[in-house]
There are 2 protein chains.
Amino acid sequence: MPRIVILTEGKSTPNDAKTATGILRYRGADVVAILDSTSVGKRAEDVLGTGGDTPFIARLGDVEADTLLIGIAPAGGDLPREWRPVIREAIERGMDIVSGLHYFLGEDEEIRRLAAERRVRIHDVRRPPPNLTVSRNVAKTLRVHRVHTVGHDCSVGKMVASIEIANALRARGRRAAFVATGQTGIMIAGRGVPVDRVISDFVAGAIETEVLDQAGEEFLLIEGQGSLVHPLYSGVTLGLLHGCAPQTMVMVFDPRRKRIKHTDHDMPPLSRVIEIYEEMASLMVPSKVVALAANTWGLTQAEADRAVAAAEDELGIVTADIIRHGPARIVDAILARHEELGLERGKGTAGARSGPAPERAGLGGAP
Amino acid sequence: MPRIVILTEGKSTPNDAKTATGILRYRGADVVAILDSTSVGKRAEDVLGTGGDTPFIARLGDVEADTLLIGIAPAGGDLPREWRPVIREAIERGMDIVSGLHYFLGEDEEIRRLAAERRVRIHDVRRPPPNLTVSRNVAKTLRVHRVHTVGHDCSVGKMVASIEIANALRARGRRAAFVATGQTGIMIAGRGVPVDRVISDFVAGAIETEVLDQAGEEFLLIEGQGSLVHPLYSGVTLGLLHGCAPQTMVMVFDPRRKRIKHTDHDMPPLSRVIEIYEEMASLMVPSKVVALAANTWGLTQAEADRAVAAAEDELGIVTADIIRHGPARIVDAILARHEELGLERGKGTAGARSGPAPERAGLGGAP
């Protein structure tokens, strides 16, 4: 297993360090430290809400490690100039680099040269697979139950919901796979497709290929991206939605979001957002939001319980915070939908491709 | 001016040779012949519905020309193997190549080497501009009247509608620019952004940049792509829609389309499609479909008149075939909307950038 240092210098908040928190939550055993000189002495759990006792360090030399993982995913995905020295130092120490930036480190002249000299590997996780093309519009024909985690906003917990639901279905003896569509999910799962980095014409085709490859499963938990009501990311969201053609959606939301993130737009009422997703998804196959996954991180237990009850009362849809309350009721709703759709237990699409997963992050497969 | 041969070998139909018909319609004076050995002896007008007497030829050597332009835009945008010899021959004859394929000829080892030897230029019109990033969500704040031609389907006439309306506004003494978003439009206008070739995360940002660059105009006629109800292209369509944040839309439709092109999906009723566009566009700024542009190519005059009257009666929205009936009534509807929005005559956004257009196709600017 790799021994990972996560880079989050100056940005160790659950909001900025989304990649870091995902890795700590699902690959925590592989993480030896977090590099952020401004948080030294604190515990990961206290700063990031996950990661237990994982320490913060100020210098790479403070621990033994073999991999530096970029733990921040800035909008636009460029390489901040101030990270260059630490990436250089990591390579000089013989560490592999794992990055989910839009900016490919492996195509940076200086970094590539240095990596070649030191014989370390650069894993640009957001690099799209080769040979993509437009969708063939076939995901809708598959028997596999495509459950898509969608959101009213970006950065709201769609990846966590997908992984937790897939794990919970497996714990009940069902065959379920998490389908990663973003860089953090790909680092965790060891496979997936970075849909926001794909040529826009090929987004639907890219997720379709991933769904076809795993169509032998009973359930696919397909990670959503962005939001249909988000001005910056809606195109990616719709391409993904139409490409995977879900029969079922789980709506992830943060009851505190009054504005759409990174914008001055008011957040539409959740009922309206659900309506929009159901209308747009149903252009492919009849599709329904069967559960709401509330993200109540940072609320008190009483506040969280109130927010969840309010949503469930108002909308008449099963609601839970998957981390706080567990995924059981949401999984029940998905299984009820499975029956409603007439899908058989244990059956995916016969004869589906199911080749070995291409390793995309150099970290091995999980979870 | 260039002397262009358009390549459409074996594919000279208005449907397959979309790029060819666009170039013939708006850059016809620069076209000396169409290379399609299966149509020799026929006139362009009779085969493609435009292009007058432009002849078909069987061999490049049959005319004097300096540019070979790929006139077909296959879904997926790959380079058909059988075109390689003719591209090779064109380069050997010293001709420049203009291509709108996803597959970049300038990155093809053989073609690049040959082009360098013969000192000809390869213009890959679909190559995205450098330095794109995510949208800043600012198009909505501009005073310029953003008129977006949208469609119920792909390949329905959105580019033609945009160009004709922009020309008609200028003929009435208004300041209006056509904003190209696809390869053919870019070849015609000499500028624009190929939104379907952009990294999906950057679609909204790409069109936003183009809109900002031309915000000093009074009207921008922004070419739509695909359709929100098209399974293959909806993501591109929504990214474009949200990135340009139109106050006004013109819906282009073909009254004969019963199925969505390239799919087995029924075409939803036009009233429903309009509703979906207005809902999704209005997430950015209040937006309205003020006119319907019918594409009645191939119908008799009586059939066309009936189809147009039926749509206008049913939906209560001004309807015309821009080519057959002229754009006057549609332009009137846009000008009425201009007044309704309280936009002043002649005013775009003061202080807007308006640098010289980057030349993107090597054909000079038009129309």
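Residues numbered from 1 in each chain as written. Chains lettered and ligands numbered in written order. Predicted model: local features only at pLDDT ≥ 70, side-chain atom pairs only at ≥ 80, totals over all residues. Heavy atoms only, no water.

This paragraph deals with the packing of helix α8 (residues 234-244) of chain B against helix α9 (residues 270-281) of chain B. All names here are of chain B. Where α8 meets α9, the closest approach of the two axes is 10 Å, and the angle between their N-to-C directions is 50°. Between α8 and α9, the angle is such that the two are oblique. Seen along the crossing, α8 lies across α9 with a hand that is right-handed. Packed against α8, whose contacting residues are Thr237, Leu238, Leu241 and His242, the element α9 presents Tyr277, Met280 and Ala281 at the interface. Partitioned by chemical class, the residues of the contact of α8 with α9 number five nonpolar, two polar and no charged. (Axes fitted to C-alpha atoms, helices over the stretch in contact; angles between N-to-C directions. Helix = DSSP H or I, 4+ residues; strand = E, 2+ residues; numbered from the N terminus. Parallel < 35°, antiparallel > 145°, perpendicular 65-115°, else oblique. Left-handed = near helix turned anticlockwise from the far one by under 90°. Contact = heavy atoms within 4.5 Å. Nonpolar A, V, L, I, M, F, W, Y, C, P; charged D, E, K, R; others polar.)

Turning our attention to the interface of chain B and chain A. Listed per partner, the contact involves 41 residues of chain B and 41 residues of chain A. When chain B packs against chain A, close to 3200 Å² is buried across both sides, 58% of that on carbon and sulfur atoms. For the chain B face of the interface with chain A, the top three residues by lost area are Ser200, Asp201 and Leu232 of chain B, together amounting to 17%. The interface formed by chain B and chain A contains six salt bridges. We note a salt bridge from Lys140 of chain B to Asp264 of chain A, for which the minimum N-O separation is 2.5 Å. Counting every contact that joins chain B to chain A gives 20 residue pairs in polar contact (both at pLDDT 80 or more). The set of elements that each furnish at least two residues to the side of chain B that touches chain A consists of α7 (203-213), α8 and α9 of chain B. Looking at the side of chain B that touches chain A, the element that brings in the most residues is α8 of chain B, giving six residues. (Buried area = accessible area lost by both parts, 1.4 Å probe. Salt bridge = Lys/Arg side-chain N within 4 Å of Asp/Glu carboxyl O. Polar contact = N/O pair within 3.5 Å; in protein donor to acceptor, adjacent residues only side chain to side chain.)

Right, let's talk about the environment of Gln183 of chain B for a bit. Residues and elements named next belong to chain B. Looking at the secondary structure, you find Gln183 in helix α6 (residues 183-189). In the structure, Gln183 is positioned 46 residues away from Val229 in sequence and 22 Å away in space, judged by C-alpha atoms. Leaving out residues up to four positions away in the same chain, Gln183 has contacts with Thr19, Ala73, Gly100, Val125 and Arg126. Of the polar contacts made by the side chain of Gln183, one reaches the side chain of Arg126; its length is 3.5 Å.

Right, let's talk about the sheet that holds strand β8 (residues 176-179) of chain A for a bit. Residue and element names in this part refer to chain A. As summarised here, the arrangement of the six strands in space is β8-β9-β7-β10-β11-β12, forming an open sheet in which the pairing is parallel. Two strands in the sheet have a free side with no partner beyond their single neighbour: β8 and β12 (318-320). Pairwise comparison of adjacent strand axes, ignoring direction, gives a mean angle of 25° for this sheet. Pairing analysis gives four bridges linking β8 to strand β9 (residues 219-223), with the strands arranged parallel. Each residue of the ladder has a partner; that of Ala177, found in β9, is Leu220. Across the face of the sheet, helix α10 (residues 301-315) comes into contact with β10 (248-253), β11 (288-294) and β12 while running at roughly 170° to β12. Most of the contacts of helix α12 (residues 328-340) go to β11, to which it runs at about 175°, and overall it touches β7 (145-151), β9, β10, β11 and β12. (Pairing = 2+ DSSP bridges.)

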